[in-house]
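Here's the letter readout for the chains.
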Amino acid sequence: MHNILKKVLIVLAVAVIYFFGIRELRKSIHEIYRGTLLPNDYGIVNEDLSFYAQSSVSFTFCNDCEEYGKGWQFKIPFGSFFLFSVIGLVLIGVDHIPYIVLSGFHFMMGILTLILVCLAINYTSSLLIIVDFISRYLLPLGSFGYVAFVYGKSKMKDSPHADQS
């Protein structure tokens, strides 16, 4: 019972840190991008590209922004996939290394997408396909897949047949 209560309290602390810390930091980064990398006002970025925000932590790029919801997404990492993955790691009961690996993955994807957006704005907008792929598919798959991997690895270590190979 003590272990369950401890995990519940850690999950609550993680949620508070996420919503009052990480989420606010992501909003600030969004605003920094909107005043430096991208124009301050939503709309035209260059002769081929426009952008708008569907949320306070993501941008959508498009050639013709007539239809809302269409285009290439650029999400600031450390979103809900990160939060749910950290909660999963807490519930599994891992040491600190998996948290560092998960955070490093999100940080590296953030750097990569930022570089790709800079290149797309200045050279070829087709690079936004990669940014969209990372934001929509790779971050969720990497986050949840990593938790599944860590869980599977912990179960193999606990298995009575683990020493027989």
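Provided above is the structure to which this section pertains.
Quick caveat: nothing in here was measured; it's all calculated off a predicted structure.

Trainee: Just give me the short version of the overall build of the chain, but keep the residues and values in it.
Mentor: Of regular secondary structure, the chain possesses four helices and four strands. In sequence order, the secondary structure elements of the chain are arranged as α-β-β-β-β-α-α-α. Considering only C-alpha atoms, the chain reaches an extent of 65 × 40 × 25 Å along its principal axes. Here the chain, with 165 residues, has 35% of them falling under the buried criterion. Of the contacts made within the chain by residues no fewer than 6 positions apart, 54% connect residues no fewer than 24 positions apart. Surface summary for the chain: the accessible area is close to 10,100 Å², and the carbon and sulfur share equals 67%.

Trainee: Requested: an account of the packing of helix H3 (residues 97-122) against helix H4 (residues 128-158), with residues and values cited.
Mentor: Relative to each other, H3 and H4 sit at 175 degrees, their axes nearing to 10 Å. Compared by their axis directions, H3 and H4 come out roughly antiparallel. Packed against H3, whose contacting residues are Pro-98, Val-101, Leu-102, Phe-105, His-106, Met-109, Leu-112, Thr-113, Leu-116, Val-117 and Ala-120, the element H4 presents Leu-128, Ile-130, Val-131, Ile-134, Leu-138, Leu-139, Gly-142, Ser-143, Tyr-146 and Val-150 at the interface. Of the residues contributing to the contact of H3 with H4, the split by class is 17 nonpolar, four polar and no charged.

Trainee: Tell me about H3, residues and numbers included.
Mentor: The end-to-end C-alpha distance of H3 is 38 Å, a good match for the 38 Å that 26 residues give at a rise of 1.5 Å each. Where H3 is concerned, the buried positions are Pro-98, Leu-102, His-106, Met-109, Gly-110, Thr-113, Leu-116, Val-117, Ala-120 and Ile-121. Those residues of H3 that are buried are in contact with strand S3 (58-62), strand S4 (72-75), helix H2 (80-92) and H4.

Trainee: Quick rundown of the layout of surface pockets? Include the residues and the values.
Mentor: Estimates place the volume of the largest pocket at around 220 Å³. Lining the largest pocket we find 16 residues, and of these Ile-29, Ile-76, Pro-77, Phe-78 and Phe-107 sit closest to its centre. Elements with a contribution of two residues or more to the lining of the largest pocket: helix H1 (2-33), S4 and H3. Ranked by residues supplied to the lining of the largest pocket, first place goes to H3 with six residues. Here the residues of the lining of the largest pocket are counted per class, giving eleven nonpolar, three polar and two charged.

Trainee: If you had to explain a nonpolar patch on the surface to someone new, which residues and values would you point to?
Mentor: A cluster of nonpolar side chains, contributed by Phe-107, Met-108, Ile-111, Ile-115, Leu-119 and Tyr-123, occupies part of the molecular surface with about 630 Å² of accessible area. You can see Ile-111 is positioned in helix H3. Take Ile-111: its relative accessible area is 34%, and that puts it in the partly exposed class.

Trainee: Explain the pattern of salt bridges residue by residue, including any values.
Mentor: Opposite charge on two side chains lets them pair, provided their charged atoms get close. Using the criterion set out here, one finds three salt bridges in the structure. Put simply, Glu-24 and Lys-27 hold a salt bridge, and the shortest N to O gap is 3.5 Å. Within this pair, Glu-24 and its partner Lys-27 are both found in helix H1, separated by three residues, close to a single helical turn. Residue classification places Glu-24 among the partly exposed residues on the basis of a relative accessible area of 37%. With its nearest N and O atoms 2.6 Å apart, the salt bridge here joins Asp-132 to Arg-136.

Trainee: Give me unusual backbone geometry: which residues, what numbers.
Mentor: In this structure, Phe-78 takes a positive phi of about 70 degrees despite not being glycine. Here Phe-78 is to be found in the loop between S4 and H2. The class for Phe-78 is partly exposed, based on a relative accessible area of 21%.

Trainee: Pulling in residues and values, what's your account of the nonpolar core?
Mentor: Membership of the largest hydrophobic core comes to 19 residues, with the highest contact counts inside it found for Phe-61 and Leu-128. Elements with a minimum of two residues in this core: S3, S4, H3 and H4. Here the element with the most residues in this core is H3; it accounts for five residues. For Phe-61, the residues in contact, after removing those within four places along its chain, are Leu-38, Val-45, Leu-49, Ser-50, Phe-51, Gly-71, Trp-72, Phe-74, Val-117 and Leu-128. Listed in part, the 13 residues of the second largest apolar core include Val-11, Val-14, Tyr-18 and Val-147.

About the thresholds
Residues numbered from 1 in each chain as written. Predicted model: local features only at pLDDT ≥ 70, side-chain atom pairs only at ≥ 80, totals over all residues. Heavy atoms only, no water. Helix = DSSP H or I, 4+ residues; strand = E, 2+ residues; numbered from the N terminus. Buried < 20%, exposed > 50% of the residue type's maximum accessible area, 1.4 Å probe, protein only. Contact = heavy atoms within 4.5 Å. Areas by Shrake-Rupley, 256 points an atom, 1.4 Å probe, with all protein chains shown as cover. Axes fitted to C-alpha atoms, helices over the stretch in contact; angles between N-to-C directions. Parallel < 35°, antiparallel > 145°, perpendicular 65-115°, else oblique. Nonpolar A, V, L, I, M, F, W, Y, C, P; charged D, E, K, R; others polar. Expected span 1.5 Å × (residues − 1). 1 Å grid on protein atoms, 1.4 Å probe; cavity = no way out; pocket = protein on both sides within 12 Å on 5 of 7 lines; lining within 4 Å. Points joined across faces, edges and corners; volume = space filled by probe spheres on them. Patch = residues over 30% accessible without salt bridge, like charges linked within 9 Å, V, L, I, M, F, W, Y side chains within 5 Å. Salt bridge = Lys/Arg side-chain N within 4 Å of Asp/Glu carboxyl O. Core = buried A, V, L, I, M, F, W, Y, C linked by side-chain atoms within 4.5 Å.

Read these as layout, nothing more, since geometry by itself doesn't imply function.
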